[in-house]
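Coordinate analysis (summary)
For reference, the chains in residue letters:
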Amino acid sequence: MSLDVSPALLEQAERGEVDEAAFVDCVRNSLPYAWGMISSLVAQLKVDGGEFADNQTPPPDEQARGQLLRALASDAIRGSLERHFGVRLAFQNCHRVAVFPLDPAVDVRLAKFTSIRGQLLNQSPELRDC
């Protein structure tokens, strides 16, 4: 299971609507590596400004890598994180996570980052099996 869902949160889901803040808290507790990386990138973007902030350091182990994959491959998790932090998330390879502000002025840069060309240019033999 990718998330450690409390009985109360599961009960809430079974009844109908789920409080997104409670879901985000579940994600934070269940995927601490992914949460920490995204949180630090958001902070970096706020401090440094610019068009985006990204991570280029591979995760320390497979557990951490799995957390990133689970967080960013799930539409529900990814969407909740984007709304919580007020950013757009982008993902390449096994570790290159980027946060972009909601500002339309960076749309061109986001499109370049998420393009086929951007994906190809971000390849390296060291990351082949990530």
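Predicted, not measured: the structure shown is a model, and the values here were computed from it.

1. Regarding the environment of Ala 76
- Following the sequence through the fold, Ala 76 ends up in helix α5 (residues 75-85).
- The sequence separation of Ala 76 and Val 24 amounts to 52 residues, and the corresponding C-alpha distance is 10.0 Å.

2. Side note on the packing of helix α3 (residues 32-48) against helix α4 (residues 62-73)
- For the pair α3 and α4, interaxial distance at closest approach is 7 Å and the crossing angle is 70°. With respect to each other, α3 and α4 are oriented roughly perpendicular. Contacts between α3 and α4 involve Pro 32, Tyr 33, Ala 34 and Met 37 from the former and Ala 64, Gln 67, Leu 68 and Ala 71 from the latter.
- Along the lines of polarity and charge, the residues of the contact of α3 with α4 split into seven nonpolar, one polar and no charged.

3. Brief notes about the pattern of salt bridges
- A full pass over the atoms with the stated rule returns six salt bridges.
- Between Glu 62 and Arg 65 there is a salt bridge whose closest N-O contact spans 3.2 Å. Taken as a pair, Glu 62 and Arg 65 lie in helix α4 at a separation of three residues, close to a single helical turn.
- You can call Glu 62 exposed: its relative accessible area is 56%.
- Judged by its relative accessible area of 12%, Arg 65 falls in the buried class.

4. Remarks on the pairing of strand β3 (residues 96-101)
- Extensive coverage of β3 is indicated by the burial of six of its six residues.
- Burial along β3 is two-sided: Arg 96, Ala 98 and Phe 100 and Val 97, Val 99 and Pro 101, pointing in opposite directions, are all buried.
- Two strands pair when backbone bridges link them, and strand β1 (residues 53-54) and β3 are joined in this way by two bridges, in the antiparallel orientation. In the sheet register, Ala 53 faces β3, and the bridge partner there is Val 99.
- Bridge count between strand β2 (residues 87-92) and β3: six bridges; the pairing is antiparallel. Its bridge partner being in β3, Phe 91 is matched across the sheet by Val 97.

Analysis parameters
- Residues numbered from 1 in each chain as written.
- Predicted model: local features only at pLDDT ≥ 70, side-chain atom pairs only at ≥ 80, totals over all residues.
- Heavy atoms only, no water.
- Helix = DSSP H or I, 4+ residues; strand = E, 2+ residues; numbered from the N terminus.
- Axes fitted to C-alpha atoms, helices over the stretch in contact; angles between N-to-C directions.
- Parallel < 35°, antiparallel > 145°, perpendicular 65-115°, else oblique.
- Contact = heavy atoms within 4.5 Å.
- Nonpolar A, V, L, I, M, F, W, Y, C, P; charged D, E, K, R; others polar.
- Salt bridge = Lys/Arg side-chain N within 4 Å of Asp/Glu carboxyl O.
- Buried < 20%, exposed > 50% of the residue type's maximum accessible area, 1.4 Å probe, protein only.
- Pairing = 2+ DSSP bridges.

The values are spatial; any link to function lies outside them.
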